[in-house]
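Residue strings, one per chain:
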Amino acid sequence: MKKVTGIGGIFFKTKDKNALNNWYKKNLGLEISPYGVSFQWKDKESGNTGTTQWTAFEDDTTYFEPSQKDFMINYRVENIELLIEELKKENVEILDEIQTYDYGKFVHILDLENNKIQLWEPID
């Protein structure tokens, strides 16, 4: 079973979200929405389009907890339900239940160093 198919997003903490977003807009031309930037791309094998999200969070966010790190990576996955069952067998810590939205299914896990990881099965 193919588990991770790509990077779905990079999320990180910043001391001044607005200033940092403005810096990236001015200096690198990023068009930033309240949710960050969605980079669109096309998969060479399938021809399908997808997105990778880039988002700055305020320094005091609790969204990355229980991790104490200043970042969280979102991995695109296939068949999130089956993957979670496999991860449970390997005693990987699953932090929540799978949530379903219009744009995909999400769940959070911890890696060996307690980095919070977001798994995302997109609806492309």
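The following refers to the structure shown. (Residues numbered from 1 in each chain as written. Predicted model: local features only at pLDDT ≥ 70, side-chain atom pairs only at ≥ 80, totals over all residues. Heavy atoms only, no water.)

## A look at the side chain of N21
Phase 1: Mapped onto the fold, N21 is located in helix 1 (residues 17-28).
Phase 2: Discounting chain neighbours no more than four positions away, the residues touching N21 are I32, W54 and A56. (Helix = DSSP H or I, 4+ residues; strand = E, 2+ residues; numbered from the N terminus. Contact = heavy atoms within 4.5 Å.)

## Re a negative patch on the surface
Phase 1: Taken together, the side chains of D16, E58, D59, D60 and D70 make up a negatively charged region of the molecular surface.
Phase 2: One can find D60 in the loop between strand 3 (49-58) and strand 4 (71-77). (Patch = residues over 30% accessible without salt bridge, like charges linked within 9 Å, V, L, I, M, F, W, Y side chains within 5 Å. Areas by Shrake-Rupley, 256 points an atom, 1.4 Å probe, with all protein chains shown as cover. Salt bridge = Lys/Arg side-chain N within 4 Å of Asp/Glu carboxyl O. Lys, Arg positive; Asp, Glu negative; His and termini not counted. Charge placed at Lys NZ, Arg CZ, Asp CG, Glu CD.)

## Points about the nonpolar core
Phase 1: In terms of nonpolar packing, the biggest core is built from nine residues, these being V77, I80, L83, I84, L87, V107, I109, I117 and L119.
Phase 2: Of all the elements, helix 2 (residues 80-89) adds the most residues to this core, at four residues.
Phase 3: Dropping the residues within four chain positions of it, I80 is found in contact with I98, K105, F106, V107, L119, W120 and E121.
Phase 4: Membership of the second largest hydrophobic core comes to five residues, among which are F12, L30, W54 and A56. (Core = buried A, V, L, I, M, F, W, Y, C linked by side-chain atoms within 4.5 Å. Buried < 20%, exposed > 50% of the residue type's maximum accessible area, 1.4 Å probe, protein only.)

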